[in-house]
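# Fold and geometry: a report
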Amino acid sequence: MTRIQAEIQAIKNGLPEGVRLVAVSKYHPVEALQEAYEAGQRIFGESKVQEMTQKYELLPKDIEWHFIGHLQTNKIKYMAPFVSMIHGVDSFKLLCEINKQAAKAGRIIPCLLQIHIAREETKFGFSPDECRDMLRQEGWKDLQHIRICGVMGMATNTDNEADIDQEFQTLAALFQEIKEIHFTQDPYFTEVSMGMSDDYLLAIDYFLQLGDWRDAKMKLKSAYYNAGDYYFGEGEYDTAAEYFLLADDYEDAYRRATGCLYAPAVELMEKGEYAQ
């Protein structure tokens, strides 16, 4: 068993039933992904269409490929036949093009609406009002080859936790609002994607306080990058991993495992006792 395989197996042994592990594999060689695959890993995240397509061609076809980067419309056609989820739809135009290419491929592609919640203009996404307007106009209802599954947002890069928490609250509140108005009967609209490498614990803490925790899934997106480092050789293994393997109280273990590089990659799905 290789180091990558041993590490993944150790991680999986510490996960409760119903939890999926997502490994961000961008910039890592196919050989490293193959090792992870042989250890049972099936979900990988990539941010470059060309790189993801090349890896798709070379690796087993039961892998789920999640696109986690900023997406240009002219690139969609290359991944439409196989991508499992697109994590950052930031315009109706992009949604329409995804639908167009998905139709050509005979597929329905799950998508998340990216919301601009940060104070930084460099980040992409709908403003909350733009998102409301887009959904209110209902043109998206005619798009039969996409499935809107939730929202995604990135907080401001700051040490001010109060600002970050407020931005997370904005995203979560918008999710609840548009779910109640537009997706109340939609079993697929369940996902809230938020949390960067420096603020994912705030995202976890915020969602643990929500009364309807089981109605939301929280994908700790750029925290996946930490997992990529850990899996494929750039990160450091912290003794916090022991909390995952030994603690009886999983929630407490997760909250304490702040230094463990694989912890933020855990995608906590709402199918069991936890939401993501």
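Everything numeric here is computed off the predicted structure, so don't read it as measured data.

### Comments concerning the pattern of salt bridges
Under the defined criterion, the tally for this structure stands at nine salt bridges. Among the salt bridges present, the one from Asp 62 reaches Arg 42, with a minimum N-O distance of 3.2 Å. Of this pair, Asp 62 sits in the loop between α3 (49–58) and β4 (64–67) while Arg 42 sits in the loop between α2 (30–38) and β3 (43–46), and the two are 20 residues apart along the sequence. Taking relative accessible area as the criterion, Arg 42 reaches 29% and is therefore assigned partly exposed. Shared partners join several salt bridges into a network, and the residues in it are Glu 46, Glu 51 and Lys 55.

### Points about the pairing of strand β6 (residues 109–115)
For β6, the buried fraction is high: seven of the seven residues fall into the buried class. Burial of the side chains of β6 extends over both faces: Ile 109, Cys 111, Leu 113 and Ile 115 are buried on one face and Pro 110, Leu 112 and Gln 114 on the other. Across two bridges, strand β5 (residues 85–89) lies against β6 in parallel orientation. Across the sheet, Ile 86 pairs through a bridge with Cys 111, a residue of β6. For the handedness criterion, the β-α-β arrangement of β5, helix α5 (residues 92–105) and β6 is classed as right-handed. Pairing geometry for β6 and strand β7 (residues 146–153), over seven bridges, is parallel. Bridging from a neighbouring strand, Leu 112 pairs with Gly 150 of β7.

### Focus: unusual backbone geometry
Residue Tyr 27 is not a glycine yet carries a positive backbone phi of 70 degrees. Counting through the fold element by element, Tyr 27 comes out in the loop between β2 (23–24) and α2. In this structure, Glu 138 is a non-glycine residue whose phi angle is positive, near 70 degrees. Along the chain, Glu 138 falls in the loop between α6 (128–137) and β7.

### Some thoughts on the side chain of Glu 46
Within the element layout of this structure, Glu 46 appears in strand β3. Side-chain polar atoms of Glu 46 contact the side chain of Ser 25, separated by 2.6 Å. The contacts of Glu 46, once residues within four sequence positions are left out, are Ser 25, Lys 26, Tyr 27, Leu 33, Glu 51, Met 52, Lys 55, Trp 65, His 66, Phe 67, Ile 68 and Gly 69.

### A few points about helix α7 (residues 161–182)
Helical geometry note: an α-helix holds 3.6 residues per turn, so side chains three or four residues apart project in the same direction. For α7, which comprises 22 residues, the first-to-last C-alpha distance of 31 Å matches the rise-based estimate of 32 Å (1.5 Å per residue) to within 8%. Buried within α7 we find Ile 164, Glu 167, Phe 168, Leu 171, Ala 172, Leu 174, Phe 175, Gln 176, Ile 178 and Lys 179.

### What to know about the side chain of Gln 41
Checked against the element boundaries, Gln 41 lands in the loop between α2 and β3. There is a polar contact of 2.9 Å between the side chain of Gln 41 and the backbone oxygen of Ile 43.

### As for the packing of aromatic side chains
Scanning the entire structure with this criterion turns up five aromatic pairs. Arranged with centres 3.9 Å apart and planes meeting at 10 degrees, the rings of Tyr 56 and Phe 82 form a pair that is stacked. On the criterion of sequence distance, the pair formed by Tyr 56 in helix α3 and Phe 82 in the loop between α4 (76–79) and β5 is long-range, its members being 26 residues apart. Each member of the pair Tyr 56 and Phe 82 is classed as buried. Both rings, one in Trp 140 and one in Phe 183, keep their centres 5.0 Å apart while their planes meet at 35 degrees; by these two values the pair is tilted. Remark: Phe 183 occurs in the loop between α7 and β8 (191–194) and Trp 140 occurs in the loop between α6 and β7; sequence separation between them is 43 residues. What makes Phe 183 buried here is its relative accessible area of 3%. Through successive ring pairs, a cluster of aromatic residues spans Trp 140, Phe 175, Phe 183 and Phe 189. Against the face of Tyr 188 rests Arg 147, its NZ or CZ located 3.9 Å from the ring centre.

What counts and what doesn't
- Residues numbered from 1 in each chain as written.
- Predicted model: local features only at pLDDT ≥ 70, side-chain atom pairs only at ≥ 80, totals over all residues.
- Heavy atoms only, no water.
- Salt bridge = Lys/Arg side-chain N within 4 Å of Asp/Glu carboxyl O.
- Helix = DSSP H or I, 4+ residues; strand = E, 2+ residues; numbered from the N terminus.
- Buried < 20%, exposed > 50% of the residue type's maximum accessible area, 1.4 Å probe, protein only.
- Pairing = 2+ DSSP bridges.
- Right-handed = clockwise from strand over helix to strand, strands pointing away.
- Polar contact = N/O pair within 3.5 Å; in protein donor to acceptor, adjacent residues only side chain to side chain.
- Contact = heavy atoms within 4.5 Å.
- Expected span 1.5 Å × (residues − 1).
- Phe/Tyr/Trp six-rings, centres within 6.5 Å; stacked < 30°, edge-to-face > 60°.
- Lys NZ or Arg CZ within 6 Å of the ring centre and 35° of its normal.

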